[in-house]
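Per-entry structural report
The lines below spell out each chain.
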Amino acid sequence: QVQLVESGGGLVQPGGSLRLSCAASGTIFSVANMGWYRQPPGKQRELVAVISSGGSTTYADSVKGRFTVSGENSKITVYLQRSILKPEEKDVYYCKGLMFTSGNANINAWGKGTQVTVSS
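Residues numbered from 1 in each chain as written. Predicted model: local features only at pLDDT ≥ 70, side-chain atom pairs only at ≥ 80, totals over all residues. Heavy atoms only, no water.

**Section: the nonpolar core**
In terms of nonpolar packing, the biggest core is built from 27 residues, with Leu4, Met34, Trp36, Val48, Val78, Tyr93 and Met99 touching the most fellow members. If you list the elements that add at least two residues to this core, you get strand S3 (18–25), strand S4 (30–39), strand S5 (46–52), strand S8 (77–82), strand S9 (90–100) and strand S11 (114–118). With four residues, S3 is the largest single contributor of residues to this core. For Met99, the residues in contact, after removing those within four places along its chain, are Val2, Leu4, Ala24, Ile28, Ser30, Val31, Ala32, Met34, Ile76, Ala105, Asn106 and Ile107. (Core = buried A, V, L, I, M, F, W, Y, C linked by side-chain atoms within 4.5 Å. Buried < 20%, exposed > 50% of the residue type's maximum accessible area, 1.4 Å probe, protein only. Helix = DSSP H or I, 4+ residues; strand = E, 2+ residues; numbered from the N terminus. Contact = heavy atoms within 4.5 Å.)

Structure follows, in structure tokens:
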């Protein structure tokens, strides 16, 4: 079974940096891509960014220039970086991965989510 575990969330200072990480574990033959979604209170989940195992990135139009996604293939880990945080944000960030558990079987794995609260 593939598991994704997010970390790095919690209470952060406005104007500070945010760096979330998501580590995958389990039976993973290969990784197609991993990325991040976020869900503001009372709103639907939305794509933030995705990075492929080859390093290509895709960002939602609404977050371009504000987020940076990166990853480490050796650790099967994806990161999300934001240098300037808007005050009074309180969103849940979810990690997602498209992975192959064998040469022919793939799975869309989701993490449980980590809450990010920006407050002074």
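Now, onward.
**Some points on the side chain of Lys96**
When you line up the elements, Lys96 lands in strand S9. Within the buried set, Lys96 has no salt-bridge partner at all; the shortest N-O distance to an opposite charge, 12 Å, is to Glu6. Engagement of the side chain of Lys96 in a polar contact is seen with the side chain of Asn108, the distance being 3.0 Å. In this structure, Lys96 is in contact with Leu4, Asn33, Met34, Gly35, Tyr37, Asn108, Ala109 and Trp110, ignoring residues within four places of it in sequence. (Lys, Arg positive; Asp, Glu negative; His and termini not counted. Salt bridge = Lys/Arg side-chain N within 4 Å of Asp/Glu carboxyl O. Polar contact = N/O pair within 3.5 Å; in protein donor to acceptor, adjacent residues only side chain to side chain.)

**Observations concerning the pattern of salt bridges**
Across all of its chains, the model carries four salt bridges by this definition. Across the pair Arg38 and Glu46 runs a salt bridge, and its minimum N-O distance is 2.7 Å. For Glu46, a relative accessible area of 27% corresponds to the partly exposed category.

**Side note on the pairing of S3**
Looking at chain direction, strand S1 (residues 3–7) and S3 are connected through five bridges and run antiparallel. Bridging from a neighbouring strand, Ser7 pairs with Ser21 of S3. Relative to S8, S3 is paired through six bridges, and the arrangement is antiparallel. Along S8, the bridge assignment pairs Ala23 with Thr77. (Pairing = 2+ DSSP bridges.)

**Comments concerning the packing of aromatic side chains**
Enumeration according to the criterion identifies two aromatic pairs in this entry. The interplanar angle of 55° and the centroid separation of 5.0 Å between the aromatic rings of Tyr37 and Trp110 together place this pair among those described as tilted. Taken together, the residues Tyr37 in strand S4 and Trp110 in strand S10 (residues 106–110) connect sequence positions 73 residues apart. Here Phe67 and Tyr93 contribute two aromatic rings whose centre-to-centre distance is 6.5 Å and whose plane-to-plane angle is 50°, an arrangement assigned as tilted. Placement of the pair is Phe67 in the loop between strand S6 (57–59) and strand S7 (68–72) and Tyr93 in strand S9, with a sequence separation of 26 residues. We classify Phe67 as buried; its relative accessible area is 3%. (Phe/Tyr/Trp six-rings, centres within 6.5 Å; stacked < 30°, edge-to-face > 60°.)

**Focus on the sheet that holds S8**
In space, the four strands of this open sheet follow the order S1-S3-S8-S7, with antiparallel pairing throughout. Both edges of this open sheet fall to S1 and S7, since each of them pairs with a single strand only. Each strand axis lies, on average, 20° off the axis of its neighbour in the sheet, ignoring direction. (Axes fitted to C-alpha atoms, helices over the stretch in contact; angles between N-to-C directions.)

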